[in-house]
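# Chains, contacts and geometry: an overview
Okay, here's what each chain looks like letter by letter:
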Amino acid sequence: MLPEPLPFRTQAQALMLYRPLVLMVSATLLGFSASAQVVINEVSAANWTGPTDSFGEREDWIELFNSGGAVADLSGWYLSDSQNNNTKYEIPPGTTIAAGGRLVVWCSGRGTTAAPLHTNFKITQAAGERAVLSNASGTIVDNYQIINTTQADHSWGRTTDGAATWSLFLAPTPNAA
């Protein structure tokens, strides 16, 4: 049995009615998938002789990775070193990560809002210290707790970009695979 025809005279009438609904659903699904795939990828809390920031200092850093297939807009997202105060540093408007791309944020305590980004907090190797990523509504989407301290110039990172497992990196890889 064939389905009953739609009550539209033309295909254009049907598109005019359903197009806003399709666009809204598509935007919601694309926005969710892109944002859900940004993770904390690597954390350095012992940058003694490694890379320098835009101020010529060797600050600690957090690397974010977008494992999604689309650009991820991090405008209004947050980074913190505490789950209890997870909105310490708001990522400024216009901050994006390309598909498969990385973003290093320096944990210098400077609180800058222009690239390169500097949080308003510092991270240390103290027991229980964390790197926390929250979305624009303040929901924690990823966090990493420093359990074991490292030697100078080592970092903790996902074994491969975006992986579930973490490894000690004897040679940190900020903004690199």
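Higher on the page you've got the structure.
Just so it is clear, the structure is predicted and the values come from calculations on it, not from any experiment. (Residues numbered from 1 in each chain as written. Predicted model: local features only at pLDDT ≥ 70, side-chain atom pairs only at ≥ 80, totals over all residues. Heavy atoms only, no water.)

## Concerning the side chain of Glu42
Summarising the element assignment, Glu42 is placed in strand S1 (residues 38-44). No salt bridge is formed by the buried Glu42. Its closest oppositely charged neighbour is Arg102, at 7.0 Å. There is a polar contact of 2.6 Å between the side chain of Glu42 and the side chain of Ser155. Aside from chain neighbours lying at most four places away, what touches Glu42 is Trp61, Ile62, Glu63, Ser155, Trp156, Gly157, Trp166, Phe169, Pro172, Thr173 and Pro174. (Helix = DSSP H or I, 4+ residues; strand = E, 2+ residues; numbered from the N terminus. Buried < 20%, exposed > 50% of the residue type's maximum accessible area, 1.4 Å probe, protein only. Lys, Arg positive; Asp, Glu negative; His and termini not counted. Salt bridge = Lys/Arg side-chain N within 4 Å of Asp/Glu carboxyl O. Polar contact = N/O pair within 3.5 Å; in protein donor to acceptor, adjacent residues only side chain to side chain. Contact = heavy atoms within 4.5 Å.)

## Remarks on the pattern of salt bridges
By the definition in use, this model includes five salt bridges. Glu59 is paired through a salt bridge with Arg110; the nearest N and O atoms lie 3.5 Å apart. In this pair, Glu59 is assigned in the loop between S1 and strand S2 (60-66) and Arg110 in the loop between strand S7 (102-107) and strand S8 (130-134), connecting sequence segments 51 residues apart. Residue Glu59 is classed as buried on the basis of its relative accessible area, which comes to 12%. Among the residues examined, Arg110 registers a relative accessible area of 36% and is labelled partly exposed. The closest approach of N and O atoms between Arg158 and Asp142, which form a salt bridge, is 2.7 Å. With Arg158 in strand S10 (residues 155-158) and Asp142 in strand S9 (residues 140-145), this pair connects stretches of sequence that are 16 residues apart.

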